[in-house]
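# Examination of the molecular architecture
As a plain string of letters, each chain reads:
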Amino acid sequence: MVSLAEKIAEPKSIKKGMSFAHAFSGMQDVIAAKSDGILHDLTDVAEKDILATPVFKDSPDGLHILRHSAAHLLAQAVLQMYRNAKPNAGPPTDEGFYYDIYMDPISSDDLQAIEKRMKELVAKKIPIVKRVLPRKELLEIFKNNKFKRERIEEKVLEGSSSTAYSQAEFTDFCTGPHVPNTGYLRAIKLLSVSSAYYKGDENLEKMVRIYGTAFPDSRSLEEFLRMRAEAAKRDHRRIGHEMDLFVFNSEMAPGFPLYTPNGTTIRNEMVKYMREMNQSRGWEEVTTPHVFRDELWKRSGHYAKYLSDMFVFELKGDGYGLKPMNCPGHIQVFDRKVYSYRDLPVRYSEFGTLYRYEKSGEVGGLTRPRSFTQDDGHAFVRMDQIADEISSILEVIREVSTKLFRVPLLSFDLSLIDKNNPENFLVSYKCRSCGHISEIRGKSTGNISCSNCSSGDLKPDFTKWDRASSYLAEALDKAGLEYREFPGDAAFYGPKIDIHVKDALGRDWQISTVQVDFFMPGNFGLYFVNSEGRKEDIIMIHRAVYGSLERMMAILIEGTAGKLPTWLSPHQVFVVPVSDDSLEYAEKVNRHLISLGIRSRVDHSQESVSKKIRTLHDLRPSYILVVGAKEVENNTVTVRDAFNRQAVFSYMDFAEKISGEISERRVTNLLE
RNA sequence: GCCGCCGUAGCUCAGCCUGGUAGAGCGUGUGCUUGGUAAGCACAAGGCCGCGGGAUCGAAUCCCGUCGGCGGCUCCA
């Protein structure tokens, strides 16, 4: 995101009947006004004596308005060029705006022509005029556009009025506000064209969605475009290819990553570190198969909810499914004996590879593959152990983040059940006629009825959900973490904390998760024996720290542009001899580094030093050691890091320092 | 799954609109060059133009289907 220049927005008192434009006349870059938290057009007139602040075009509000107006401009241009187009809606977004228009598909060439037309309209500085119109009249204006008509019918109450904005022949139903004229929209750019469903419903009309953006000036627009180009260069699919980390064979294994030796090195380092963390915190590792009989998935609730997203097959009359989650498998391991209250918690971890049949339009790269490996863990605990368990998992997550990210910018979401739509979740239902409590798994069970008296009059009982949610919230509070709540985003078996990280380009990625589950242990009949000798329910806590190795690798690659922390780097050192005269010394240095456990290689190519550096650049080695006659004589190495910094070290000194950097898993390197 | 765009050498891409049987750069191999921090020089090898069908004397090129990839939409345990 481009940083916005701060301007001082002093409130001004405005007399009834005065326009905001008049009040802020003489001030530069004001495009709207704000009063009592409500945005107004400059042409609006104060209805009473009020205080109002100017909205500058480079403020967050101003940018929003600018982009909203740019969306209108887009629609105007499209309508001029395509007579049958029917605009639906065109909101501003975080990065720009889009407009959904019902029309024949267009190509990116058409986009250029539309942008050209928009710029012509900008040059004309067409005044943008607001009108307050009764519902009837609005409907009349849009009588040929069913999408606008439906919006008006939904949003404007019978007998009331709303606003329309016009610029020349173009009119849009819109609450505004907007810039005073199209001349304010000089820095605009159309970005892409794709499709969207009307109201997001695949059964309704397909709209052409045109994406664009607008900025207060061309400099910030160019900066934005530069950042976008930079982001594209950091695409993990591109860098993964340059670094030779993984391949996708679209014919033989669509959506399934295949790891090269380099990529496998990264995975192994990630796993090694997590094993250390697990081992020191009482997480035992288990191994479960990739295939189970479908009976397991029926019991766990996966069949009811996710069958169409699973890889399933039949063999000699028996149904099987590849695991989409590890938890039911871990339950099978856990359930081999009877547990006393003293045995708990039991913590199982597994680097479990999961298979999910992601739909064809959704797979892509390592962020959405069809097979991926979770650093999964399930803690089987007593009720009184939940809080501590969650807290300690949150601690691990925070510690691990310091080994992965230079600046770990974590954010925490609390994902809860949507009590208005409980049918998407495992919920207990209380029968209104007999009082029996039934547990219903997922919505695909169809019409639900009481398992005791068969009455269909059931009332959802959220006691377990509420309790689980409060444990998560308390753990977050205790750790002093700020978080946001998202009703409806919970897992089907329980609420969860999702942890996101922001990468170097400001993009947000979900990584870790902590989930409290009161249901699945019950479905599998898990229990422990309490101090009074009675059976008591076991609670499961699901957690993943990296999330998936695949997605974490993608985040690390994109966040660092492939310049990974040395401990994760597949190429920690490349020794480059200047000529064959220094080859022997290069080999000696290399052998010594390898003996210290460092991933080091000698570049044997018969090329110039420049060419060698250029070629190695794609692999992003942490350090390139150039050695020639000078180094041979002085027992030194000339070190060049991935950021092109250079320094001379005695080679024993370098070996010692890089060993320390790697063993401490530092995110900073020796040359900074 | 839906809409749009795309699929040509190991990689990145041109050729396709306006049909006449395939091109570049990088990489690879060989030779020369022994080089001091982001491309030294030359030559050579390398392609069922994703797959299947159709119309045409003739298809990488036009049409249909299919499988993939990308951008979105929807979904994401």
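For the structure, check the block above.
Here goes a summary of the coordinates provided.

Cut-offs used in this document
- Residues numbered from 1 in each chain as written.
- Chains lettered and ligands numbered in written order.
- Predicted model: local features only at pLDDT ≥ 70, side-chain atom pairs only at ≥ 80, totals over all residues.
- Heavy atoms only, no water.
- Patch = residues over 30% accessible without salt bridge, like charges linked within 9 Å, V, L, I, M, F, W, Y side chains within 5 Å.
- Areas by Shrake-Rupley, 256 points an atom, 1.4 Å probe, with all protein chains shown as cover.
- Salt bridge = Lys/Arg side-chain N within 4 Å of Asp/Glu carboxyl O.
- Helix = DSSP H or I, 4+ residues; strand = E, 2+ residues; numbered from the N terminus.
- Buried < 20%, exposed > 50% of the residue type's maximum accessible area, 1.4 Å probe, protein only.
- Polar contact = N/O pair within 3.5 Å; in protein donor to acceptor, adjacent residues only side chain to side chain.
- Contact = heavy atoms within 4.5 Å.
- Axes fitted to C-alpha atoms, helices over the stretch in contact; angles between N-to-C directions.
- Parallel < 35°, antiparallel > 145°, perpendicular 65-115°, else oblique.
- Left-handed = near helix turned anticlockwise from the far one by under 90°.
- Nonpolar A, V, L, I, M, F, W, Y, C, P; charged D, E, K, R; others polar.

### Observations regarding a nonpolar patch on the surface
A grouping of Val291, Phe313 and Leu315 is seen on the molecular surface, where their side chains present a nonpolar patch of about 230 Å² in accessible area. Mapping Leu315 onto the fold places it in strand β16 (residues 312-315). Residue Leu315 is classed as partly exposed on the basis of its relative accessible area of 49%.

### Quick look at the side chain of Ser469
Along the chain, Ser469 falls in helix α13 (residues 463-478). Accessibility expressed as a relative area gives 13% for Ser469, which makes it buried. A distance of 2.7 Å separates the side chain of Ser469 from the backbone oxygen of Trp465, its partner in a polar contact. Residues within four places of Ser469 in sequence aside, it is in contact with Leu414, Leu416 and Pro495.

### What to know about the packing of helix α16 (residues 583-595) against helix α19 (residues 651-663)
α19 packs onto α16 with a crossing angle of 30 degrees between their chain directions and a minimal axis gap of 11 Å. Considering the angle they form, α16 stands roughly parallel to α19. Note that α16 runs across α19; the crossing there is right-handed. Residue-level inspection shows Tyr585, Lys588, Val589, His592 and Leu593 of α16 in contact with α19, the latter providing Tyr651, Met652, Phe654, Ala655 and Ile658. For the contact of α16 with α19, the per-class residue count stands at eight nonpolar, one polar and one charged.

### Re the pattern of salt bridges
Tallied over the entire structure, the rule returns 34 salt bridges. Here Arg226 ties to Glu223 by a salt bridge, and the two come within 3.3 Å at their closest N and O atoms. Of this pair, Arg226 and Glu223 are both found in helix α6 (residues 218-233), three residues apart, which corresponds to roughly one turn of the helix. For Arg226, a relative accessible area of 47% gives the class partly exposed. Residue Glu223 is classed as partly exposed on the basis of its relative accessible area of 32%. One salt bridge in this structure joins Arg665 and Glu276, with 3.0 Å as the shortest N-O distance.

By themselves, these figures tell us nothing about what the structure is for.
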